[in-house]
Amino acid sequence: MITLHYFPSNASFAAHVLLRELGVPFELQLVDRTQGAHKSPAYLKLNPNGLIPVLVDGDLVLYETAAILLHLADTHPQAAIPALAPALGSAERAHFYKWLFWLSNTVQATMITYFYPDRSVDEGNAAGAAQVKARAQARLDGCLGQIDGLLAGHGGPWLLGSRYSAADPLAFMLCRWTRGFAGSMPARDYPHIGPYLQRMLQRPAVKQAIEVEKLPPPLV
Ligand SMILES: N[C@@H](CCC(=O)N[C@@H](CS)C(=O)NCC(=O)O)C(=O)O
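Note that the structure is predicted; figures quoted are calculated from it, not measured. (Residues numbered from 1 in each chain as written. Predicted model: local features only at pLDDT ≥ 70, side-chain atom pairs only at ≥ 80, totals over all residues. Heavy atoms only, no water.)

Peer 1: Looking at this model, I keep getting lost on the overall build of the protein chain. Mind explaining?
Peer 2: In terms of regular secondary structure, the protein chain is built from eight helices and four strands. When the helices and strands of the protein chain are placed in sequence order, the string is β-α-β-α-β-β-α-α-α-α-α-α. Its C-alpha atoms give the protein chain principal-axis dimensions of roughly 50 × 45 × 35 Å. When the 220 residues of the protein chain are sorted by exposure, 50% land in the buried category. A fraction of 64% describes how many contacts in the protein chain between residues 6 or more apart in sequence connect residues 24 or more apart. Counting 18 positive and 17 negative side-chain charges, the protein chain places the averaged centre of each group 4 Å from the other. (Helix = DSSP H or I, 4+ residues; strand = E, 2+ residues; numbered from the N terminus. Buried < 20%, exposed > 50% of the residue type's maximum accessible area, 1.4 Å probe, protein only. Contact = heavy atoms within 4.5 Å. Lys, Arg positive; Asp, Glu negative; His and termini not counted. Charge placed at Lys NZ, Arg CZ, Asp CG, Glu CD.)

Spelled out as structure tokens, the structure:
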């Protein structure tokens, strides 16, 4: 049995959507961040970083969102036609890696700086934190512009073009995290990302994950 350790609207959301896209049996295990469960000794045994998500697949214990997405796509090649990852060794697969890595190590990492700017400055340095947050937002503006340009360039409907892939739940999750942007455009207001997010919202797997996690409006 596959178990996803999650908290609503957290980085676990991408894996949650993908599991529903695959249509395989799985269970959700709430990691109650409000009670610090992600820093408990039991959870730290699963992920020493104390971060959500963790996927347990039989004997395998896996953290890092992009690794989880890749693992799920690789181990269920027949679950979706076409498969949720392009063929190994293909140019499309190389681009798939590129977007997964970039979304993780650039966009998601910058999001964390945006949401927790106080972690980058000394305690009580509110002005410094505000500057860190503003700089992170400016970098995210550039990332959103890049995603919009990608969608405009190949015409969509999905991140890789015509193929819906395991990168889409990650892109969707990160784009929706910008919904509270003030002073620059949230993802939904970009001409090509906006319709992309609406297409994602129409997918049954996304609808189900939103319903189960009880995500409140605005969704994007
Ligand atoms: N690189 C990690 C990042 C995961 C991450 O930052 N998760 C957040 C939730 S969205 C978390 O657990 N934060 C708790 C904390 O920072 O203490 C991944 O992709 O899995």
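Once the structure has been displayed, the description carries forward.
Peer 1: Would you take a moment to explain the packing of aromatic side chains for this structure?
Peer 2: Aromatic ring pairs: the centre-centre distance and the angle between the two ring planes describe each pair. With the rule as written, the count across this model stands at eight aromatic pairs. Aromatic rings pair up to connect Y114, F115, W177 and F181 into one cluster. Here the basic side chain of K133 rests over the ring of Y114, its NZ or CZ set 3.9 Å away from the ring centre. Over the face of the ring belonging to Y164 we find R203, whose NZ or CZ atom lies 3.4 Å from the ring centre. (Phe/Tyr/Trp six-rings, centres within 6.5 Å; stacked < 30°, edge-to-face > 60°. Lys NZ or Arg CZ within 6 Å of the ring centre and 35° of its normal.)

Peer 1: What is the right way to read the environment of A11 from this model?
Peer 2: With respect to the element layout, A11 can be found in the loop between β1 (2–6) and α1 (12–22). We classify A11 as buried; its relative accessible area is 7%. A C-alpha to C-alpha distance of 18 Å links A11 and C143, two positions 132 residues apart in sequence. Sequence-distant contacts of A11, defined by excluding residues within four places in its chain, comprise I52, P53, T65, Q108, M173 and W177.

Peer 1: Just checking my understanding: could you explain the site of the ligand for this structure?
Peer 2: Taken together, 14 residues lie around the ligand, and K39, I52, E64, T65 and R119 are the ones closest in. Within the side chain of K39, an N or O atom sits 3.1 Å from an oxygen atom of the ligand. Contact between the ligand and T65: an oxygen atom at 3.0 Å from a side-chain N or O atom of the residue. Of the residues assigned to the shell around the ligand, the class counts are six nonpolar, four polar and four charged. Lining the shell around the ligand are residues from two domains, each supplying at least three of them: domain 1 (2–75) and domain 2 (91–203). (Near = heavy atom within 4 Å. Polar contact = N/O pair within 3.5 Å; in protein donor to acceptor, adjacent residues only side chain to side chain. Nonpolar A, V, L, I, M, F, W, Y, C, P; charged D, E, K, R; others polar. Domains from an automatic or database assignment.)

Peer 1: I'm lost on the nonpolar core in this one. Help?
Peer 2: General note: in soluble globular proteins, nonpolar side chains tend to be found buried as a group. L103, L159 and I193 are the most contacted members of the largest nonpolar core, which has 65 residues in total. Broken down by secondary-structure element, the contributors of at least two residues to this core are β1, α1, α3 (65–75), α4 (91–115), α5 (126–154), α6 (167–176), α7 (193–202) and α8 (204–213). With eight residues, the top contributor of residues to this core is α4. When residues of this core are assigned to domains, at least three fall in each of domain 1 (2–75) and domain 2 (91–203). Sequence-distant contacts of L159, defined by excluding residues within four places in its chain, comprise W99, L103, I147, L150, L151, H154, A167, D168, A171 and Y196. (Core = buried A, V, L, I, M, F, W, Y, C linked by side-chain atoms within 4.5 Å.)

Peer 1: Is there a simple way to think about unusual backbone geometry in this case?
Peer 2: It is generally the case that most residues other than glycine have a negative phi and that most peptide bonds are trans. With omega at 15°, the peptide bond leading from I52 into P53 counts as cis. In this chain, G156 is followed by P157 through a cis amide linkage whose omega measures 5°. Residue position: P157 is located in the loop between α5 and α6. Its identity is not glycine, yet S9 carries a phi of approximately 70°, on the positive side.

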